[in-house]
Amino acid sequence: MVTPDKGTRILLVRHCEAEGNVKRIFQGHTDAPISANGGKQLDLLSLRLRNQRIDALYSSPLKRAYQTAQAINQFHHLPIRIKEGLMEIQGGSWEGKPWADFPVIDPEQSYFWDYEPHRFAPAGGESMRQVYDRVWNALLEIVQENPDSVVCITSHGCAIRNILCRANGFPIERLNEVDWCDNTAVSVIDFDQQLRPSIVVQNDASHLSPEVSTFHKQDWWHRDRRIPPHDPEKAKAPPV
């Protein structure tokens, strides 16, 4: 992978599989341990990035992201810098509950999450609009702290989806046009000296075999699951 001469390259990595991903529990700020399969994903991820230039390494403080950074770091030996702004969405009343329960216990917010995520705002938690701004501001701070560098960041699915939405130049209202990424998937975003983003790679998990991939065993993330039943025309729009 060629590195730009000027500007900052961001390697944006989703954390490995955690227990909440397997049990289909809303994790958010819940600090769930990684799964046994997550450990296998980390082995494959670390090998993928072994010979990749990395000048700085940042992580969300949640242990599923931090352990992902540690796995990457076994071949790079960098200080891991904790960045609170990289954390997952704070789920409030949704924290620690099964995904299957939400259509019954909170049907309005469940509908928003699936079909209009820009309107999602759980009781006692963080709105999606807040996440959209928080993670982007954290990313820009990292870019400004590391000019002309390659920076690896370990974060979370919803947080990364918001970053990619904004890096694509989309307003938050288009968030549902951005696909979810598998555990340990890698995206690459280049920032020029004027802090303008350009996506080079998006949601690539080619280092995972089907038996290790989390997404290979689940279907909630499929694009057709994001199409409102009353709006089949949206199914014709190309994915991002």
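## Brief notes about helix 5 (residues 107-115)
- Gln109, Ser110, Phe112, Trp113 and Tyr115 are the residues of helix 5 that are buried.
- Residues of helix 5 that are buried make contact with helix 4 (102-105), helix 6 (128-145) and helix 7 (157-167).

## Details of the pattern of salt bridges
- All told, the structure shown has 13 salt bridges when counted by the stated rule.
- Two residues, arginine 119 and glutamate 116, come together in a salt bridge whose shortest N-O distance is 2.8 Å.
- Residue arginine 174 pairs with glutamate 177 through a salt bridge whose shortest N-O separation is 3.0 Å.
- Under the relative-accessibility criterion, glutamate 177 is labelled partly exposed at 27%.
- Three or more residues are tied together by salt bridges with common partners; here these are Lys83, Glu141 and Glu145.

## Side note on the packing of helix 2 (residues 36-48) against helix 3 (residues 63-73)
- Viewed as axis vectors pointing N to C, helix 2 and helix 3 meet at an angle of 45 degrees, and their least axial separation amounts to 8 Å. In terms of orientation, helix 2 and helix 3 fall into the oblique class. In the crossing of helix 2 with helix 3, the sense of the turn from one axis to the other is right-handed. Contacts from Leu42, Leu45 and Ser46 in helix 2 reach Gln67, Thr68, Ala71 and Ile72 in helix 3.
- When the residues that make up the contact of helix 2 with helix 3 are grouped by side-chain class, the tally is 4 nonpolar, 3 polar and no charged.

Parameters and conventions
Residues numbered from 1 in each chain as written. Predicted model: local features only at pLDDT ≥ 70, side-chain atom pairs only at ≥ 80, totals over all residues. Heavy atoms only, no water. Buried < 20%, exposed > 50% of the residue type's maximum accessible area, 1.4 Å probe, protein only. Helix = DSSP H or I, 4+ residues; strand = E, 2+ residues; numbered from the N terminus. Contact = heavy atoms within 4.5 Å. Salt bridge = Lys/Arg side-chain N within 4 Å of Asp/Glu carboxyl O. Axes fitted to C-alpha atoms, helices over the stretch in contact; angles between N-to-C directions. Parallel < 35°, antiparallel > 145°, perpendicular 65-115°, else oblique. Left-handed = near helix turned anticlockwise from the far one by under 90°. Nonpolar A, V, L, I, M, F, W, Y, C, P; charged D, E, K, R; others polar.

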